[in-house]
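Per-entry structural report
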Amino acid sequence: MLTPEAVWTKAPRPPRKWHREAIPKLLPMIKEGRRGIVYAATGSGKSYAQGAILRAGTPDPRFVDVVTVPTEALVQQMADDLAPWGIRAGRYFGKKKEVDGRRVIVCCLPSVGSLSEDLALRGLRTRLILADEAHRVTPGALDVLSPVWVMGWSATPIRTQGKEELRKMWPDGILFGYGM
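So, a few notes on the structure that sits alongside this text. (Residues numbered from 1 in each chain as written. Predicted model: local features only at pLDDT ≥ 70, side-chain atom pairs only at ≥ 80, totals over all residues. Heavy atoms only, no water.)

Section: the overall build of the protein chain
When helices and strands are tallied, the protein chain shows six helices and eight strands. In the protein chain, the order of α-helices and β-strands from amino to carboxyl end is α-α-β-α-β-α-β-β-β-α-β-β-α-β. Whereas a compact globule of 180 residues would reach a radius of gyration of roughly 16 Å, the protein chain reaches 15 Å, a difference of no more than 12%. The dimensions of the protein chain, computed from C-alpha atoms along their principal axes, are 40 × 40 × 30 Å. Within the protein chain, the fraction of its 180 residues that count as buried is 51%. Counting contacts in the protein chain only where the partners sit at least 6 residues apart, residues at least 24 apart contribute 69% of the total. As displayed, the protein chain has an accessible area near 8800 Å², and 51% of this comes from carbon and sulfur atoms. (Helix = DSSP H or I, 4+ residues; strand = E, 2+ residues; numbered from the N terminus. Rg over C-alpha atoms; globule rule 2.2 N^0.38 Å. Buried < 20%, exposed > 50% of the residue type's maximum accessible area, 1.4 Å probe, protein only. Contact = heavy atoms within 4.5 Å. Areas by Shrake-Rupley, 256 points an atom, 1.4 Å probe, with all protein chains shown as cover.)

Examining the nonpolar core
Residues Leu26, Ile53, Leu82, Val106, Met151 and Trp153 are the most contacted members of the largest nonpolar core, which totals 38 residues. When residues in this core are grouped by element, the largest group, seven residues, is from helix H2 (residues 17–31). (Core = buried A, V, L, I, M, F, W, Y, C linked by side-chain atoms within 4.5 Å.)

Points about the pattern of salt bridges
Applying the stated criterion to the full structure yields 13 salt bridges. Of the charged contacts, one joins Glu21 and Lys17 as a salt bridge, the two residues approaching to 2.8 Å between their closest N and O atoms. You can see Glu21 and its partner Lys17 sitting in helix H2, four residues apart, about one turn around the helix. Since its relative accessible area comes to 64%, Lys17 is described here as exposed. The shortest N-O distance in the salt bridge between Asp60 and Arg62 comes to 2.7 Å. The exposure class assigned to Arg62 is exposed, which follows from its relative accessible area of 53%. Each of the salt bridges in this network shares a partner with another, and the network as a whole consists of Arg91, Lys96, Glu98 and Arg102. (Salt bridge = Lys/Arg side-chain N within 4 Å of Asp/Glu carboxyl O.)

Some details on the packing of aromatic side chains
Evaluated as defined, the whole model comprises five aromatic pairs. Seen in terms of ring centroids, Trp8 and Trp85 are 6.5 Å apart; in terms of plane orientation they differ by 50°. Their pairing is tilted. Pair noted here: Trp8 is in helix H1 (residues 4–9) and Trp85 is in the loop between helix H4 (72–82) and strand S3 (90–93), with a separation of 77 residues, a long-range link. Each of the two residues, Trp8 as well as Trp85, counts as buried. Considering the side-chain rings of Trp18 and Phe176, the 6.1 Å spacing of their centres and the 25° angle between planes classify their relative orientation as stacked. Of this pair, Trp18 sits in helix H2 while Phe176 sits in strand S8 (residues 174–178), placing them 158 residues apart in sequence. Accessibility classification places Trp18 together with Phe176 in one group, the buried group. Over the ring of Trp170 we find Arg35, and its NZ or CZ is 5.7 Å from the ring centre. For the cation-ring pair, Lys97 lies above Tyr92, with the distance from its terminal atom to the ring centre recorded as 5.2 Å. (Phe/Tyr/Trp six-rings, centres within 6.5 Å; stacked < 30°, edge-to-face > 60°. Lys NZ or Arg CZ within 6 Å of the ring centre and 35° of its normal.)

Focus on the side chain of Ser44
Following the sequence through the fold, Ser44 ends up in the loop between strand S1 (37–40) and helix H3 (46–56). For Ser44, a relative accessible area of 2% corresponds to the buried category. Non-local contacts of Ser44, meaning those with residues more than four positions away in its chain, are made with Arg16, Trp18, His19 and Tyr178.

Things to note about the sheet that holds strand S2 (residues 63–69)
What holds strands together in a sheet is hydrogen bonding between their backbones, with the strands either parallel or antiparallel. Strand order in the open sheet made by the eight strands is S4-S3-S5-S2-S6-S7-S1-S8, with mixed pairing throughout. The outermost strands of the open sheet, each flanked by one partner alone, are strand S4 (96–97) and S8. Here H4 sits on the sheet in contact with S2, S3, strand S5 (104–108) and strand S6 (125–132), set at roughly 155° to S5. (Pairing = 2+ DSSP bridges. Axes fitted to C-alpha atoms, helices over the stretch in contact; angles between N-to-C directions.)

Structure representation (structure tokens):
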């Protein structure tokens, strides 16, 4: 895994202050197996931070990293956001299933089960899931991928409904928070 300093040398643009604070804290949390949510306001650069974390990972031919998003429309947007980091993410939804040779796959939540089967057929495992809009993930939805590590991302992790479900899915709570 690259150090945060090494990640910034590969950054497509200078990181914001909160990125410089968050990434050195989050990388060890992933390795420790912490399962929580990174809270950052809308428009603050969550996908940039996710790109930094994915860029820090050392490629391993046995594993893929997966970014989940709630809808098909967000798959392309996230793949585009990761591209400046040098990440050629596969897109996985409906009829678009790009897996071969991809280290990172962006998958919409309804296609997670299909992705799991596809990876198993190829002898691949999921190392890391970055669950964008983590507050929209249903309990057990990510378990089918049997990830080594999971980290959620959300601008709205504190909800008035479904709090107990969120606590079960993200037992370590807010791992890092950045508001406006």
